[in-house]
Amino acid sequence: MKKNRYTLTMLVENEPGVTARITGLFAGRGYNIETICGAPTANPKMSRITITTHTRPEILEQCMKQIKGLINVIKLRDMTGQKAVKREMALICVKALPENQDDIKALIQEFNGTMIDEGNQHFIFEVCGNEDTIDILLEKLSPFGIKKLARSGVLALYREP
């Protein structure tokens with residue numbers, strides 16, 4: 001059966017060990033976490049954790065039931081559909097030889113990136129967008145030589161009605 005990509009977001013108590021219990025639930029049952037992001041919300045007593053995973057629908061349903069059963073989980077939502085705003089941030093270090101610098105700067109501008117560090121033969125910049133946008137940019141930068149890459153993982157919020 002086909003595996004689909006899912007994005008789950010949960011509001012949890014901002015307590016030590018909560019993230020470990022959630023990731024342990026995934027690992028203990030053989031579920032793979034593709035990306036995970038967690039940070040406190042506007043209320044410092046709560047954190048939001050966003051996880052992306054590839055799995056089958058029936059496995060996701062079982063996983064969600066188990067997550068809901070964890071004592072520190074306040075709310076769990078499947079953010080896979082169109083009703084969610086999803087973004088990811090990437091820091092990219094690309095080889096920038098003098099003959100390629102104008103082309104690379106044009107790409108950075110095209111993708112609304114922000115230059116962070118400009119060396120003689122490298123650029124470090126940040127870019128924010130959905131996963132597909134970042135993947136496309138990385139594909140376009142590949143011929144120049146990507147030296148280093150750090151991606152935040154997906155962040156998601158449900159669209160308000």
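Considering the sheet that holds strand β1 (residues 4–13)
Strand pairing in a sheet relies on backbone hydrogen bonds, with the paired strands running either antiparallel or parallel. Strand order in the open sheet made by the 4 strands is β2-β3-β1-β4, with antiparallel pairing throughout. Whereas interior strands pair on both sides, the edge strands pair on one side only; in this sheet they are β2 (35–40) and β4 (73–78). Between one strand and the next, the sheet's axes are offset by a mean angle of 15 degrees, whatever the strand orientation. Sitting on the sheet, helix α2 (residues 57–68) is in contact with β1, β3 (46–55) and β4, with an inclination near 5 degrees to β1.

Quick word on the packing of helix α3 (residues 101–110) against helix α4 (residues 131–141)
Two elements in contact, α3 and α4, have axes separated by 11 Å at closest approach and are oriented at 175 degrees. On the basis of the axis angle, α3 is roughly antiparallel to α4. On α4, the residues that touch Ile-104, Leu-107 and Glu-110 of α3 are Leu-137, Lys-140 and Leu-141. Considering only residue class, the contact of α3 with α4 consists of 4 nonpolar, no polar and 2 charged.

Focus on the pattern of salt bridges
Enumeration over the complete set of coordinates arrives at 8 salt bridges. One salt bridge in this structure joins Glu-110 and Lys-140, with 3.5 Å as the shortest N-O distance. Here Glu-110, found in helix α3, pairs with Lys-140, found in helix α4; they are 30 residues apart in sequence, far enough to count as distant. The salt bridge involving Asp-135 is made with Arg-151; its shortest N-O contact spans 2.8 Å. Placement of Asp-135 in helix α4 and of Arg-151 in strand β8 (residues 146–151) is noted, with a sequence separation of 16 residues between them. Residue classification places Asp-135 among the partly exposed positions, given a relative accessible area of 37%. Under the relative-accessibility criterion, Arg-151 is labelled partly exposed at 33%. Each of Arg-5, Glu-34 and Glu-131 takes part in a single network of salt bridges with overlapping partners.

What counts, and where the lines are drawn
- Residues numbered from 1 in each chain as written.
- Predicted model: local features only at pLDDT ≥ 70, side-chain atom pairs only at ≥ 80, totals over all residues.
- Heavy atoms only, no water.
- Pairing = 2+ DSSP bridges.
- Helix = DSSP H or I, 4+ residues; strand = E, 2+ residues; numbered from the N terminus.
- Axes fitted to C-alpha atoms, helices over the stretch in contact; angles between N-to-C directions.
- Contact = heavy atoms within 4.5 Å.
- Parallel < 35°, antiparallel > 145°, perpendicular 65-115°, else oblique.
- Nonpolar A, V, L, I, M, F, W, Y, C, P; charged D, E, K, R; others polar.
- Salt bridge = Lys/Arg side-chain N within 4 Å of Asp/Glu carboxyl O.
- Buried < 20%, exposed > 50% of the residue type's maximum accessible area, 1.4 Å probe, protein only.

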